[in-house]
Amino acid sequence: MSVFSHSEFHDHEQVVFCRDAASGLRAIIAIHSTHLGPALGGIRMYPYASDEDALTDVLRLARGMSYKAALAGLPLGGGKSVIIGDPHRAKTPALLRAMGEAIERLGGRYIGAEDSGTAVADLKVMSETTDHVCGTLDKEGLDGGTRSGDPSPATALGVFLGIRAAVQHALGRDELHGVRVAIQGVGNVGRRLGRYLHDAGAELVVCDSWGPNLDRAATELNARAVEPEAIYAQDVEVFAPCALGAVLNDVTIPQLKARIVAGSANNQLAEARHGELLRRRGIVYAPDYVINAGGLIDVFHERERVFDTDSYIIMDEFTLNTSSHDSTIDGVHRIPQTLSAILEQAEREQRSTQAVADSIAEDRLRG
Ligand code: NAD
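Described below are features of the structure shown in this document. Only a predicted model underlies this, so the values are computations on that prediction, with no experimental measurement involved. (Residues numbered from 1 in each chain as written. Predicted model: local features only at pLDDT ≥ 70, side-chain atom pairs only at ≥ 80, totals over all residues. Heavy atoms only, no water.)

**Digging into the site of the ligand**
Around the ligand sit 21 residues in total, of which T155, V189, D208, N213 and S264 are the nearest. Contact distances for the ligand include 2.7 Å between an oxygen atom and a side-chain N or O atom of N213. Between S264 and the ligand, the recorded distance is 2.9 Å, taken from a side-chain N or O atom to an oxygen atom. If the ligand stood free it would expose 830 Å²; the protein chains cover 75% of that surface. For the shell around the ligand, the secondary-structure elements that each account for two or more residues are α4 (152-171) and α5 (188-199). (Near = heavy atom within 4 Å. Polar contact = N/O pair within 3.5 Å; in protein donor to acceptor, adjacent residues only side chain to side chain. Areas by Shrake-Rupley, 256 points an atom, 1.4 Å probe, with all protein chains shown as cover. Helix = DSSP H or I, 4+ residues; strand = E, 2+ residues; numbered from the N terminus.)

**Some words on the pattern of salt bridges**
Across all of its chains, the model carries 19 salt bridges by this definition. The partner of K80 in a salt bridge is D115, and the shortest N-O contact between them spans 2.8 Å. Linking K80 in strand β4 (residues 77-84) with D115 in the loop between β5 (110-114) and α3 (120-126), this pair joins segments that are 35 residues apart in sequence. Residue K80 is classed as buried on the basis of its relative accessible area of 3%. For D115, a relative accessible area of 14% gives the class buried. E271 is the salt-bridge partner of R273, the closest N and O atoms lying 3.0 Å from each other. Given a relative accessible area of 41%, E271 falls into the partly exposed group. Three or more residues joined by partner-sharing salt bridges are found here, namely R44, D57, K80 and D115. (Salt bridge = Lys/Arg side-chain N within 4 Å of Asp/Glu carboxyl O. Buried < 20%, exposed > 50% of the residue type's maximum accessible area, 1.4 Å probe, protein only.)

What follows is the structure, given as structure tokens:
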């Protein structure tokens, strides 16, 4: 297995292979950049078919986190980790503690958070052996009340505000009333996004491969349910991918009738060239890492550490940021401004929105 010549290796600062024989842990932690701050990113647990697949995923995701933090204006770098294993069968307290130890050995250069296959409860177990996990606190909900460390509400709000900005840009409409939106995947983010859109008067089409989620969303949101493969060709203004990566590709893009693609899923473009393909088809694409940054903004503000800005060495213990709620709301409300600036620049320069976002992020990562 190659690392330095791997197609997804882009000068990542550090790639750590972690093994704990006693618990069965096999994991990879990838730190893409700590130029802007410590590398914060989720801990994914997935039964990868091969070590190669796990490496590809972690390298790609870690780089995406650097770009996401840079565009969100956060003092964070980009990193990600993957645990190789089935989260339904192989996850044990011993394995989680061993993962915590592996994270702890990096001394705060990498900070883990929840991701596919890991939950707040798992992070709490890891926090027995490391200080460097976040997203574990009960905190004030965006709509009042209390919620767990789940970042999905903030992500959904950011995507909703981004869709509003994209509709304004592409369709010249200030309101979402009557705008038709197709949501692919109505899980934690998609369902909440659907609620915002429904309340704003949008008409919804939804799909999900998991029947209970589909039924719930269709009922709650008065949405029309379609088969997963039919979602791309719906006669709508907005297509919102909120399930999987690589859904914008040679097969799906020609099917799209939507004028706008804007959703929460990570790595929506199968390849970079698909950003240009969307542009040539006159489709306005909201770069995924710009519009889905709400969750990252939320976990960052949930617990702020005091960093030595030169070396990122932790100077204090975790301090609960009591104003985190306001900071999160402010940060999430900046997402549509950032997106609008990217959409305008892309139109002016006749470049894909993804290319414009990438170049802004790369400037900040170099600067
Ligand atoms: P989730 O697992 O709660 O929801 C995903 C939904 O998609 C599920 O209901 C699942 O059944 C459905 N799905 C899976 N495959 C599908 C398919 N082929 N067709 C239709 N539906 C399918 O996940 P989530 O937390 O809502 O995240 C959704 C996406 O947004 C993911 O790509 C995630 O990486 C990304 N994201 C999430 C957050 C967050 O805060 N949760 C932040 C940034 C990015």
